[in-house]
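Remarks on the overall topology
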Amino acid sequence: MLGNAAPYPQPDRPCSGYLLRAGAASVWVDAGPGSLAELLRHTSLSSLDAVWLSHLHLDHIGDLLNAYYALAYGELPAREVPLPVYAPAGLADRLTGFFGSGFTNDVLELRPLSDGHQFELGDLTLLSRSVDHGGPEAYALRASSPGHALVYSGDCTPCPALDALAHDADLLLCEANDPVANPFHHTPQQAADLARRSGTRQLVLTHVGPLLTPAAAVAQAVFDGPTTHAEIGTTFTF
Ligand SMILES: [Zn+2]
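Residues numbered from 1 in each chain as written. Predicted model: local features only at pLDDT ≥ 70, side-chain atom pairs only at ≥ 80, totals over all residues. Heavy atoms only, no water.

**As for the pairing of strand 1 (residues 17–22)**
Convention followed: The pairing criterion is simple: DSSP has to find at least two bridges between the two strands. Where helices and strands are cited, they refer to DSSP runs of H or I of at least four residues and of E of at least two residues respectively, numbered from the N terminus.
In this structure, strand 1 lies alongside strand 2 (residues 25–31), joined through 6 bridges in antiparallel fashion. Note on strand 2: the bridge partner recorded for Leu20 is Val27. Linkage of strand 1 to strand 2, two consecutive antiparallel strands, is achieved through a turn of 2 residues, within which Gly23 is found at a positive phi near 60°.

This is how it looks when you write it as structure tokens:
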């Protein structure tokens, strides 16, 4: 767990970011502000196989800008091939808008997501489904290897695509926000309801906004399986 705050980073709490490892594969899932420095405690950008971005809100992509700088201007050892970045198609315009004509695809290789998009890294399969975040193109992720599955909600309101994705997951990493903050998110209880409906074995809450504390979110998520908060630095192994 590299980051869990929303919609802006807090002291010792970067925004959404996760390092997913399965076999030899490693993927940086969401690149919220502050999450790159946490990622670098565990691995290097040169060692990553891919980046996967749920949607283009700043609190999920901000540190991709810093990753670009790191890769373009000096990470050692340098990558031998561009870093694949799976994200909504609008990312290219965002990066060009920020970096201007200096942006090139030499270090980041942008690969657009779509509903049902799937790719493999060794035994790891990453399946993306379109979810309802109130307008912006947004995806949830099911990452599976033989006998194991992790599902990440990204940001969204409860929707059938997320239910289908979450079926029988070992771990559901789900956002949980105060309903006053934004209707296009899960409340803690909605996250717990999804975990129960889908037969998830373990629920981890993340993206808890400033109107809730992580402890309150966990307390409000009534689910008969283990329920915890995505504390920075925690590793879940299954
Ligand atoms: Zn969002």
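Having put the structure on the table, let's press on.
**Remarks on the pattern of salt bridges**
For the record, the criterion: The salt bridge criterion pairs a side-chain nitrogen of Lys or Arg with a carboxyl oxygen of Asp or Glu, the two atoms within 4 Å. Categorising residues by exposure relies on relative accessible area from a 1.4 Å probe, with only protein chains included: less than 20% of the type maximum marks a residue as buried, more than 50% marks it as exposed, and the intermediate range marks it as partly exposed.
Under the definition given, this model contains 7 salt bridges. Put simply, Glu38 and Arg41 hold a salt bridge, and the shortest N to O gap is 2.9 Å. Its relative accessible area of 64% is what places Arg41 among the exposed residues. Across the salt bridge formed by Asp170 and Arg201, the nearest N and O atoms sit 3.2 Å from each other. Placement of Asp170 in the loop between helix 4 (160–166) and strand 10 (171–175) and of Arg201 in the loop between helix 5 (188–198) and strand 11 (203–206) is noted, with a sequence separation of 31 residues between them. Residue Arg201 is classed as partly exposed on the basis of its relative accessible area, which comes to 41%. One connected set of salt bridges, linked through shared partners, spans Asp168, Asp170 and Arg201.

**Here we look at unusual backbone geometry**
Backbone torsion omega between Ala6 and Pro7 reads -10°, so that peptide bond is classified as cis. Among the secondary structure elements, Pro7 is positioned in the segment before strand 1. You will see that Asp12, though not glycine, has its phi angle at about 65°, which is positive. Inspection of the secondary structure puts Asp12 in the segment before strand 1. In this model, Asp168 sits at a positive phi of 60°, which is unusual for a non-glycine residue.

Coordinates in, geometry out; function isn't part of it.
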